[in-house]
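Working through the structure, step by step
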Amino acid sequence: MIRGSIPALVTPFKNGELDLDTLKKLVDWQIAEGSTGLVPVGTTGESPTLSHEEHETVIEAVVKAAAGRVPVIAGAGSNSTAEGIRLIRFAETVGADAALVVTPYYNKPTQAGMIAHFTALHDCCSLPIVIYNIPGRSVVDMSPETMGTLARLPRIVGVKDATGKIERVSQQRASCGPDFIQLSGEDATALGFNAHGGVGCISVTANVAPRLCAEFQQATLAGDFAKALEYQDRLMPLHEAIFLEPGLVGAKYALSKLGLCSDEVRLPLVGLTDATKARIEAAMRHAGLI
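Cut-offs used in this document
Residues numbered from 1 in each chain as written. Predicted model: local features only at pLDDT ≥ 70, side-chain atom pairs only at ≥ 80, totals over all residues. Heavy atoms only, no water. Axes fitted to C-alpha atoms, helices over the stretch in contact; angles between N-to-C directions. Helix = DSSP H or I, 4+ residues; strand = E, 2+ residues; numbered from the N terminus. Parallel < 35°, antiparallel > 145°, perpendicular 65-115°, else oblique. Left-handed = near helix turned anticlockwise from the far one by under 90°. Contact = heavy atoms within 4.5 Å. Nonpolar A, V, L, I, M, F, W, Y, C, P; charged D, E, K, R; others polar. UniProt positions renumbered as here; feature names shortened; annotations may be inferred. Salt bridge = Lys/Arg side-chain N within 4 Å of Asp/Glu carboxyl O. Buried < 20%, exposed > 50% of the residue type's maximum accessible area, 1.4 Å probe, protein only. Expected span 1.5 Å × (residues − 1). Pairing = 2+ DSSP bridges. Right-handed = clockwise from strand over helix to strand, strands pointing away.

**Topic: the packing of helix α1 (residues 20-32) against helix α2 (residues 52-66)**
The description of two helices packed together rests on the angle between their axes and the distance between the axes. The geometry of α1 relative to α2 is characterised by a closest axis approach of 9 Å and an angle of 45 degrees between their N-to-C directions. Relative to α2, the element α1 lies oblique. The handedness of the crossing between α1 and α2 is right-handed. Between α1 and α2, the contacting residues are L20, L23, K24, V27, D28 and I31 on the first element and T57, V58, A61, V62, A65 and A66 on the second. Split into classes, the residues belonging to the contact of α1 with α2 amount to nine nonpolar, one polar and two charged.

Spelled out as structure tokens, the structure:
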């Protein structure tokens, strides 16, 4: 079952190249800290600036490092259906457990176009597919009705919802059914998301605070929202600080403060301003991480 705290993993670099040794160490650390799944090469993994070869290398490395201990949900989205088919077939070949597929960005398909896109990806392989709906980046918003249509396909199993609209969870329960896996794509609202029927979060903050995020998710899934609120209060400054600038840059900087990963990113992203670094460090202290 895909649920709980699932970090959208950063992709470590060293002198501009993939740092696979550090990536493997991060996988082991995440699992030891209680993360219940891993998402390599999502946007947080800098997929837009990875070559196809690098993209595939990262997926394969994470699958091997995880070694079946937690599900690996491989980033396999593209605004080209043909490219998406290539990526999802590769993920299946190397043993990923599922694929995360973003709504096509930039070319702005209609709802009918999204149905055709996801149906083609569904039909090309046997992997379960989690839809990634993030209108702020892709410009298109998959409606609950469209999602309900896709949910009738046997391997369209869930959604990472980054609309920021808490009511979507209830709307999607109505259109997709209560067993459709709904995962938050926004750390700051994950508490309310789960209260509405969500079962987890594909998280940026979990890169930095995996144990706290995992325990937070465990509390919500056990129905202990008073305990979850205590975790939310500890984590909220970190959720906010990491996203003052692009979230993956904030996550890598925080990991560098923990001695776990370089803060190196690829252009057009650049390092953080001093003011944001100070906010992240203060938030880490508030959470008890440093």
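Moving on from the model shown.
**Let's talk about the UniProt feature "active site" (unreviewed entry) in the chain**
Taking the numbering used here, the UniProt-annotated feature "active site" (unreviewed entry) corresponds to Y132 and K160. Their sequence span is 29 residues, while the largest C-alpha to C-alpha distance among them is just 4.7 Å; these annotated residues converge on one region. Note that Y132 resides in strand β6 (residues 129-133). Every residue in contact with Y132, bar those within four places of it in the chain, is listed here: T43, L100, V101, V102, T103, K160 and A162. Looking at the secondary structure, you find K160 in strand β7 (residues 156-161). Not counting the four nearest positions on each side in its chain, K160 is found in contact with L100, V130, I131, Y132, N133, L183, S184, G185 and I202.

**Observations concerning the pattern of salt bridges**
Taken as a whole and judged by the stated rule, the model has eight salt bridges. With its nearest N and O atoms 2.6 Å apart, the salt bridge here joins E46 to K252. With a gap of 206 residues between them, E46 in the loop between α1 and α2 and K252 in helix α11 (residues 247-257) connect regions that are remote in the sequence. For K252, a relative accessible area of 0% translates into the label buried. Of the charged contacts, one joins K257 and E281 as a salt bridge, the two residues approaching to 3.9 Å between their closest N and O atoms. Within this pair, whereas K257 is found in helix α11, its partner E281 is found in helix α12 (residues 274-287), the two being separated by 24 residues in sequence.

**Brief notes about α1**
Taking 1.5 Å of rise per residue, the 13 residues of α1 would be expected to cover 18 Å, and the 18 Å separating its terminal C-alpha atoms lies within 8% of that figure. Those residues of α1 not exposed but buried are T22, L23, L26, V27, Q30 and I31. Where α1 is buried, its residues meet β1 (4-7), α2, α9 (210-221) and α11. Positive phi shows up at G34, right after α1, with a value of about 110 degrees.

**Observations concerning the pairing of β6**
The side chains of a regular strand alternate between both faces of the sheet. Burial within β6 is extensive, with five of its five residues counted as buried. Side chains I129, I131 and N133 project from β6 onto one buried face, and the interleaved V130 and Y132 project onto a second face that is buried too. Two strands pair when backbone bridges link them, and strand β5 (residues 98-102) and β6 are joined in this way by four bridges, in the parallel orientation. Bridge pairing in β6 links V101 to I131. What joins β5 to β6 is helix α4 (residues 111-123), and the crossover it makes is right-handed. Bridge count between β6 and β7: five bridges; the pairing is parallel. Following the sheet pairing, Y132 is matched in β7 by K160.

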